Amino acid sequence: MQLHWHRRDLRAADNRGLAFAADAGPVVPLFVFDDGVLEHAGAPRVRYLLDALGALRERYRALGSDLVVRRGDPRDVVPRVALDVGAERVVWNKDYSGLARERDTAVRRALDGVDVPRESVHDHLHHEPGSITTNAGEPYSVYTYFWKKWRDREKAEPYPEPPGDSLADPAVVDDTGALPSIADLGFEEPDATVQEAGADPARERLDRFCDDGVFRYETDRDYPTREAVSRLSADLKWGTLGVREVYAATEAAMDAAEGDEEETSVEEFQSQLAWREFYTHVLFFNPEVVTANYKEYENDIEWRDDPEELAAWREGRTGYPIVDAGMRQLKAEAYMHNRVRMIVASFLTKDLLCDWRHGYAHFRNLLADHDTQNDNGGWQWAASTGTDAQPYFRIFNPMTQGERYDPDAEYITRYVPELEGVDPSVVHSWHECSALQRRNTAPDYPEPIVDHSERREEALAMFERARGDD
Ligand code: FAD
């Protein structure tokens, strides 16, 4: 008997660890609700997790087995279940964050204590941390070089789903365990409508994207209403799809691409998949970036952290329409379009002079796709504190960003109904309107809480002080 411990690999197909365990089968699949992990979770993410687990359990049942569900400290639970089912080996897929690695080391020790062998398998990325390095063997801190090697490296094919006869009969455990409710886990049902979780809806998203969006990705991905992005972030975060399956679909799209533009688009999408791996390598080699700046400045950055401004940003009432639309999309859907994530993150750090850690904490609470390495990488990029970061003097203008990427204010009015029916040119020049004009056109929409041009100067001065420039 083999025990496969699922963590962020909530699928049966293209699961390297599971396939590896199944080769020696039969396999008992296990998931453990870990209070230590739940402590850092937000309600939308927990909703997504529960739905994905429900779908995984159904899949196992269809294959004649079942998912064993437990709650507790994995250091106790995993060895206990291993002994209960008489496991000859416990298998799991590697996780690369600092906390996950600490947990895995502790579980490894606990299994050693009861003499059950274990194997951790590389699955979550195409190329494991340490496998793509500079010629001197150092991890990359610049994406472009990383990408060239990542792109040229051979990728594994998807692993097949284990056949039913390689999975254990559920009778091997007394009680497979019920899935808890969200309230049992200490969370309220989120206000947000979270996208459907599980391998089937994830595969539908992948197929839909590879039929259309992937061929327009290069030109349309920055426009939030053009639907040229995959919406796979939560699937990649939770592993409801395997990375090899996603990559194979993009290679099939590459074969179907007509002309250079479409091929470039497919490659541009593949390069986003590589960003996810790059940031995972960065996190693996620098676990402290979760709370500390990656890039060192000579002096501390004197963030202002005004609580009222921070609250206005969180609630989407800054008076900068594209920022407010993004923050409200986050609240409504537990998701935000990438271009808008960049705009709201820039606004928080460069217009409100607020420490990126406040933004990261808010995203972590509300995003269904919160993934430490990407969220952290994105925030530190926007705050000019990360690898490849936006240089401190390149500050997004939220009005021109809105005008360029949402010219008809279609995205904005979808989430900011107070601006419905207002001429897009007025929406995009809200900061320049007189108080009277604002009252007459959209009385319920707030005045801009700050002046972008003034704040831009203050941000530059703040970074110059941090750099030690006079
Ligand atoms: P697509 O454009 O279809 O991209 C496909 C996949 O590539 C994504 O699902 C993701 O896994 C990866 N990817 C795309 N862009 C990036 C990127 N810039 N960095 C790393 N990987 C990327 N992504 C998350 O998955 N979780 C987060 O918590 C997260 N927080 C972010 C916070 C900020 C401030 C910023 C600027 C970006 C953040 N991103 C995060 C990256 C990006 O915004 C999302 O991955 C993307 O919007 C998800 O939508 P999609 O799946 O349709 O993306």
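Bear in mind that the values here come from a model prediction, so they are computed numbers and not experimental data.

Focus on the environment of R118
Argument step 1. Turning to its location among the elements, R118 is positioned in strand β5 (residues 118–121).
Argument step 2. The class for R118 is partly exposed, based on a relative accessible area of 26%.
Argument step 3. Note: C-alpha distance between R118 and W92 (26 residues apart in sequence) is 8.1 Å.
Argument step 4. Non-local contacts of R118, meaning those with residues more than four positions away in its chain, are made with R89, V90, W92, R108, L111 and D112.
Argument step 5. A distance of 3.2 Å separates polar atoms of two side chains, one belonging to R118 and the other to D112.

Remarks on the side chain of R89
Argument step 1. Topologically, R89 is positioned in strand β4 (residues 89–93).
Argument step 2. Of the polar contacts made by the side chain of R89, one reaches the side chain of Q2; its length is 2.8 Å.
Argument step 3. Those residues within four positions of R89 in sequence are excluded, and the remaining contacts are M1, Q2, L3, F20, A21, A24, V116, P117, R118 and E119.

Observations concerning the site of the ligand
Argument step 1. Taken together, 28 residues sit near the ligand, with Y217, S230, R231, Y335 and N338 positioned nearest.
Argument step 2. Note that a nitrogen atom of the ligand is positioned 2.9 Å from one of the backbone N or O atoms of D369.
Argument step 3. Contacts to the ligand include D371, whose backbone N or O atom sits 3.1 Å from an oxygen atom.
Argument step 4. Those elements that place two or more of their residues in the shell around the ligand are α9 (233–238), α11 (259–285), α14 (338–351) and α16 (372–382).
Argument step 5. Ranked by the residues each element gives to the shell around the ligand, the list is headed by α11, at six residues.
Argument step 6. For the shell around the ligand, the residue count by class is 15 nonpolar, seven polar and six charged.
Argument step 7. When residues of the shell around the ligand are sorted by domain, at least three fall in each of domain 2 (199–285) and domain 3 (307–467).

So, the nonpolar core
Argument step 1. Counting 83 residues, the largest nonpolar core has W313, V323 and L419 as its most contacted members.
Argument step 2. Mapped onto the domain boundaries, this core takes at least three residues apiece from domain 2 (199–285) and domain 3 (307–467).
Argument step 3. Once residues lying within four places of it in the same chain are set aside, the contact partners of V323 are W313, T318, I343, V344, F347 and P398.
Argument step 4. Among the nonpolar cores identified, the runner-up in size contains 35 residues, and A21, F31, A52 and A368 belong to it.

A short note on helix α21 (residues 452–467)
Argument step 1. Over its 16 residues, α21 runs 22 Å from end to end, which matches the ideal 22 Å to within 8%, given 1.5 Å per residue.
Argument step 2. Taken together, the buried positions of α21 are occupied by H452, R455, A459, L460, M462, F463 and A466. On an axial view of α21, the arc spanned by its buried residues comes to 160°, and they lie on one face.
Argument step 3. Packed against the buried residues of α21 are α12 (307–315), α14 and α17 (398–405).
Argument step 4. By the N-cap criterion, in which a side-chain oxygen at the helix start approaches the backbone nitrogen of a residue two or three places on, α21 is capped by D451, the distance to S453 being 2.9 Å.
Argument step 5. Phi turns positive, to about 85°, at G468, one or two residues after α21.

Some thoughts on the sheet that holds β4
Argument step 1. Strand order across the open sheet formed by five strands is β3-β2-β1-β4-β5, with parallel pairing between neighbours. Looking at which strands have only one partner, the edges of the open sheet turn out to be β3 (68–71) and β5. The mean inter-strand angle of the sheet, taken between neighbouring strand axes irrespective of direction, is 25°.
Argument step 2. Sheet topology note: the strand β1 (residues 2–6)/strand β2 (residues 27–33) ladder contains five bridges and is parallel.

Structural notes on the environment of Y247
Argument step 1. Of note, Y247 is situated in helix α10 (residues 243–256).
Argument step 2. Between the alpha carbons of Y247 and L310 there is a distance of 39 Å; along the sequence they are 63 residues apart.
Argument step 3. Not counting residues up to four positions away in its chain, the partners in contact with Y247 are H126, W150, K155 and Q270.

Topic: the packing of helix α7 (residues 199–211) against helix α8 (residues 213–220)
Argument step 1. Where α7 meets α8, the axes come as close as 5 Å, and the angle between the chain directions of the two elements is 70°. The angle between the axes of α7 and α8 places the two elements in the roughly perpendicular class. Residues R208, F209, C210 and D211 of α7 pack against G213, V214, F215 and Y217 of α8.
Argument step 2. Class assignment of the residues belonging to the contact of α7 with α8 gives a composition of five nonpolar, one polar and two charged.

Comments concerning the domain arrangement of the protein
Argument step 1. Partitioning the protein into structural domains gives domain 1 (2–122), domain 2 (199–285) and domain 3 (307–467).
Argument step 2. Using C-alpha coordinates to define each centre, domain 1 is positioned 39 Å away from domain 3.
Argument step 3. If you look at the interface, domain 1 gives eight residues, while domain 3 gives eight residues.
Argument step 4. Of the roughly 610 Å² buried at the junction of domain 1 and domain 3 (both faces included), carbon and sulfur atoms supply 47%.
Argument step 5. The interface formed by domain 1 and domain 3 includes one salt bridge.
Argument step 6. On the surface where domain 1 and domain 3 come into contact, there are two residue pairs in polar contact (both at pLDDT 80 or more).

Quick notes on the rules
- Residues numbered from 1 in each chain as written.
- Predicted model: local features only at pLDDT ≥ 70, side-chain atom pairs only at ≥ 80, totals over all residues.
- Heavy atoms only, no water.
- Helix = DSSP H or I, 4+ residues; strand = E, 2+ residues; numbered from the N terminus.
- Buried < 20%, exposed > 50% of the residue type's maximum accessible area, 1.4 Å probe, protein only.
- Contact = heavy atoms within 4.5 Å.
- Polar contact = N/O pair within 3.5 Å; in protein donor to acceptor, adjacent residues only side chain to side chain.
- Near = heavy atom within 4 Å.
- Nonpolar A, V, L, I, M, F, W, Y, C, P; charged D, E, K, R; others polar.
- Domains from an automatic or database assignment.
- Core = buried A, V, L, I, M, F, W, Y, C linked by side-chain atoms within 4.5 Å.
- Expected span 1.5 Å × (residues − 1).
- Arc of directions from axis to C-beta.
- Pairing = 2+ DSSP bridges.
- Axes fitted to C-alpha atoms, helices over the stretch in contact; angles between N-to-C directions.
- Parallel < 35°, antiparallel > 145°, perpendicular 65-115°, else oblique.
- Buried area = accessible area lost by both parts, 1.4 Å probe.
- Salt bridge = Lys/Arg side-chain N within 4 Å of Asp/Glu carboxyl O.

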